[in-house]
Amino acid sequence: MSNLGRGAGWNKALVNYAKTVDPKRSLDPSVLVACDEKTITIRDGYPKAKYHYLVLPRIPFQLEKAAAVRDQVHQDEQQGSSKETLRVSGGRLSLGPSKSDRIPPFHLESLESVLASPHCEQVFSALRRSRDVAVDLMRSEMVKDRQDGRSWDIMSGFHAIPSMEHVHLHIISNDLVSEKLKNKKHYNSFRPDLGFWLPFEEVESYVHQGLKKLPKGKKEYESLLKSPLVSFRDGSVHSNLPGLKAHLLSCWEGEMSKASGGPGSSPPPSSSSTPPQPRQAGDQSRLKRKSSQATSESEDEVVLRLKR
DNA sequence: GTTCTAGAAC
DNA sequence: GTTCTAGAAC
Ligand SMILES: Nc1ncnc2c1ncn2[C@@H]1O[C@H](COP(=O)(O)O)[C@@H](O)[C@H]1O
């Protein structure tokens, strides 16, 4: 388990987390945020903002039987199979969990494979539940960490083309202020207004519409990562990363110091953001300036301890 | 000379 | 994905 960052197997780290049998026992509390029957939420190992979690469907992922039959019906309809086949698969007699009641692990390899899976509704249903929990936990953590008890926008979404194996939902504070944000690809992959970042609700709506793949192709998404360094805050263009990072820090500090609507006031807990309209390079705006462990029976077992 | 980017890693 | 670092850019 030594080659986490570099070397062969670097892209398997999240699969290992997803396979954890007893996360509360075997994962360090500094890593584990929460878990339930279907998902596990961890802290991102290289956070690209002040707060950054990952929600992973667990392996094995147990299917709800009634829903699994619906999945099968849906799949059969799409494939035009006979009702005879449907009766056999849907009417199978079985008692208790069995291997055939689990999502085949390869369906969970990536966002693309989840979308293509007949079980994507169940995966997204579990992700939504855990997303909501994770956002609440992150907000609590923000409040706890600040003397003034403020919190700010939290985004949840996917990278259109992920690098790490196993589908993972990013939950990330919308500041993008982090020492670990080191290159253009990092920034553009989380820029909410570019198109590589896919808000959770957007992908969820694809699932509900029955769309089985993303609207754009791989090459198209990848080309977005090479876009110039445009601030998601005000559309300003930056000629290098250190300059952009200084700008992002000052924007966040500004947001934190401006007058608020009162004690405890914070932005609505929406997880998407509405960015400003991109501004044309060359106009007169600022350009290129140098530089508590839950007990066993709860639905969502919250592991993150919130100190008062 | 220092800062910054971007490609190799067996 | 990360780390390391050569050499481009300033
Ligand atoms: N060993 C690791 N442990 C925890 N998180 C990781 C690890 N390696 C990479 N990550 C994170 O996994 C995420 C993968 O992002 P992506 O595949 O681009 O959606 C990134 O945010 C990384 O910081």
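Residues numbered from 1 in each chain as written. Chains lettered and ligands numbered in written order. Predicted model: local features only at pLDDT ≥ 70, side-chain atom pairs only at ≥ 80, totals over all residues. Heavy atoms only, no water.

Draft legend 1. Expanded view of the pattern of salt bridges. Here the structure, examined in full by the defined rule, presents 13 salt bridges. For aspartate 132, the salt bridge identified is with arginine 128, shortest N-O distance 4.0 Å. Placement of the pair is aspartate 132 and arginine 128 together in helix 6 (residues 120-145), with a separation of four residues, close to one helical turn. Given the relative accessible area of 28%, arginine 128 is considered partly exposed. Between arginine 233 and glutamate 255 there is a salt bridge; the shortest N-O distance is 2.8 Å. Of this pair, arginine 233 sits in the loop between strand 7 (229-230) and strand 8 (237-238) while glutamate 255 sits in helix 10 (residues 241-257), and the two are 22 residues apart along the sequence. Using a relative accessible area of 22% as the deciding quantity, one classes arginine 233 as partly exposed. Taking relative accessible area as the criterion, glutamate 255 reaches 17% and is therefore assigned buried. Residues participating in the shared-partner salt-bridge network are Arg128, Arg131, Asp132, Glu201 and Glu204. (Salt bridge = Lys/Arg side-chain N within 4 Å of Asp/Glu carboxyl O. Helix = DSSP H or I, 4+ residues; strand = E, 2+ residues; numbered from the N terminus. Buried < 20%, exposed > 50% of the residue type's maximum accessible area, 1.4 Å probe, protein only.)

Draft legend 2. Main features of the protein's contact with DNA strand B. Inspection of the region around DNA strand B gives Arg6, Asn240, Leu241 and Pro242 as its neighbouring residues. Protein-adjacent atoms of DNA strand B, using a 4 Å cutoff, are sugar or phosphate at a proportion of 89%. With respect to DNA strand B, the backbone of leucine 241 contributes an N or O atom lying 2.9 Å from a phosphate oxygen. Of the residues assigned to the surface near DNA strand B, the class counts are two nonpolar, one polar and one charged. (Near = heavy atom within 4 Å. Polar contact = N/O pair within 3.5 Å; in protein donor to acceptor, adjacent residues only side chain to side chain. Nonpolar A, V, L, I, M, F, W, Y, C, P; charged D, E, K, R; others polar.)

Draft legend 3. Representation of unusual backbone geometry in the model. The linkage connecting isoleucine 59 with the following residue, proline 60, adopts the cis geometry, with an omega of 0°. Checked against the element boundaries, proline 60 lands in the loop between strand 3 (52-57) and helix 3 (65-79). One non-glycine residue, leucine 176, adopts positive backbone phi at about 50°. Mapped onto the elements, leucine 176 comes out in the loop between strand 5 (169-173) and helix 7 (184-190). We classify leucine 176 as buried; its relative accessible area is 1%.

Draft legend 4. A look at the nonpolar core. Within the largest apolar cluster, 60 residues are counted, with the highest numbers of intra-cluster contacts made by Leu111, Phe158, Ile171 and Leu176. Counting residues per element, this core draws most heavily on helix 6, at eleven residues. Residues from two domains meet in this core; each of domain 1 (1-227) and domain 2 (229-306) gives at least three. Excluding residues that lie within four positions of it along the chain, isoleucine 171 makes contacts with Tyr51, His52, Tyr53, Val55, Arg131, Ala134, Val135, Met138, Ile154, Met155 and Ser156. If you look at the next biggest cluster of nonpolar residues, it comprises eight residues, including Leu32, Cys35, Ile42 and Leu56. (Core = buried A, V, L, I, M, F, W, Y, C linked by side-chain atoms within 4.5 Å. Domains from an automatic or database assignment. Contact = heavy atoms within 4.5 Å.)

Draft legend 5. View of the protein's contact with DNA strand C. Neighbouring DNA strand C are eleven residues, the closest being Gly5, Arg6, Trp10, Lys48 and His186. Those atoms of DNA strand C that come within 4 Å of the protein belong to sugar or phosphate at a rate of 62%. The contact in question runs from a phosphate oxygen of DNA strand C to an N or O atom on the side chain of lysine 48, over 2.7 Å. The side chain of lysine 185 places a nitrogen or oxygen atom 3.3 Å from a phosphate oxygen of DNA strand C. Broken down by class, the residue content of the surface near DNA strand C amounts to three nonpolar, three polar and five charged.

Draft legend 6. A look at the packing of aromatic side chains. Scanning all chains against the criterion turns up six aromatic pairs. By way of ring pairs, the aromatic residues Tyr51, Trp152 and Trp252 are connected into one cluster. A cation sits over an aromatic face here: lysine 50 above tryptophan 252, 4.3 Å from the ring centre. (Phe/Tyr/Trp six-rings, centres within 6.5 Å; stacked < 30°, edge-to-face > 60°. Lys NZ or Arg CZ within 6 Å of the ring centre and 35° of its normal.)

Draft legend 7. Main features of the site of the ligand. As a structural note, the neighbourhood of the ligand is formed by 15 residues, with Asp44, His159, Ser163, His168 and His170 the closest of them. At a separation of 2.5 Å, an oxygen atom of the ligand approaches a polar side-chain atom of aspartate 44. Histidine 170 places a side-chain nitrogen or oxygen 2.9 Å from an oxygen atom of the ligand. Alone, the ligand offers 500 Å² of accessible surface; in the complex the protein occludes 89% of this. Contributions of two or more residues to the shell around the ligand are made by helix 1 (13-18) and strand 3. Considered class by class, the residues forming the shell around the ligand number seven nonpolar, six polar and two charged. (Areas by Shrake-Rupley, 256 points an atom, 1.4 Å probe, with all protein chains shown as cover.)

Note that every value here comes from positions in space, so none of it alone points to a role or purpose.
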